Amino acid sequence: ASNWRLHWVEKEGGVFKVEQEGDGLTDAAMEEWGAWMDSQIERRFGSAENTPELTASTLNFSRNELGDDGVRSVVEYLRQRKIAVQMVKFFKNNIGDVGAW
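Each value, and the rule that gives it
- Residues numbered from 1 in each chain as written.
- Predicted model: local features only at pLDDT ≥ 70, side-chain atom pairs only at ≥ 80, totals over all residues.
- Heavy atoms only, no water.
- Phe/Tyr/Trp six-rings, centres within 6.5 Å; stacked < 30°, edge-to-face > 60°.
- Helix = DSSP H or I, 4+ residues; strand = E, 2+ residues; numbered from the N terminus.
- Buried < 20%, exposed > 50% of the residue type's maximum accessible area, 1.4 Å probe, protein only.
- Pairing = 2+ DSSP bridges.
- Right-handed = clockwise from strand over helix to strand, strands pointing away.
- Salt bridge = Lys/Arg side-chain N within 4 Å of Asp/Glu carboxyl O.

K.L.:
Quick question: what am I supposed to make of the packing of aromatic side chains here?
P.N.:
Tallied over the full model, the rule gives 6 aromatic pairs. For the pair F61 and F90, a centre-to-centre distance of 5.8 Å together with 20° between the ring planes defines the contact as stacked. Here F61 is found in the loop between β3 (55-60) and α2 (68-80), whereas its partner F90 is found in the segment after β5 (88-89), with 29 residues between them in sequence. Accessibility expressed as a relative area gives 0% for F61, which makes it buried. Judged by relative accessible area, which is 17%, F90 ranks as buried. An aromatic cluster is present here, built from W33, F61, Y77 and F90 joined pairwise through their rings.

See the structure below:
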């Protein structure tokens, strides 16, 4: 598995940052990211009923090897869990027109 990093901004609450710039992440790795994120959310809040609204203050996946599928994996994960995002960074990857929709 990749070296995933998640930082909760507050002692309590659902605001977090993900800083994975320049980690060599691929589309295949991003498929694992969602399951890892779920495990981190469950570890922090327990059951789904106890989980507050979640907000990513920063998602930084810049300077990796992500293509359209990797971006789609991240976006679908966030949409399915209704996670708000304040800033997302995907620059310097291998994203084509499909991934920039």
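K.L.:
Which parts of the structure should I look at to understand the pairing of strand β2 (residues 15-19)?
P.N.:
On a regular strand, one side chain projects to one face of the sheet and the next to the other, so that they alternate. On β2, burial follows the alternation: F16 and V18 on one face are buried, whereas V15, K17 and E19 on the facing-out side are not. Examined bridge by bridge, strand β1 (residues 7-8) and β2 share 2 bridges and lie antiparallel to one another. Paired with H7 across the two strands is K17, which belongs to β2. In this antiparallel pair of consecutive strands, β1 and β2, the connection spans 6 residues, and G13 shows a positive phi of 105°. Taken together, the 5 bridges between β2 and β3 define a ladder with parallel strand orientation. Looking at the pairing, V15 lines up with T55 of β3. Traced from β2 through helix α1 (residues 27-45) to β3, the parallel crossover comes out right-handed.

K.L.:
Sorry, what's going on with the pattern of salt bridges here?
P.N.:
Between side chains of opposite charge, a pair can form as their charged atoms come close. Tallying each qualifying case throughout the model produces 5 salt bridges. Across the pair R5 and D23 runs a salt bridge whose closest N-O atoms are separated by 2.7 Å. On the criterion of sequence distance, the pair formed by R5 in the segment before β1 and D23 in the loop between β2 and α1 is long-range, its members being 18 residues apart. On the accessibility criterion, D23 (32% relative accessible area) is partly exposed. Residue R79 is joined to E76 by a salt bridge in which the shortest nitrogen-to-oxygen separation is 3.0 Å. Placement of the pair is R79 and E76 together in helix α2, with a separation of 3 residues, close to one helical turn.

So, to be careful, I would describe these as geometric facts and stop short of saying anything about function.
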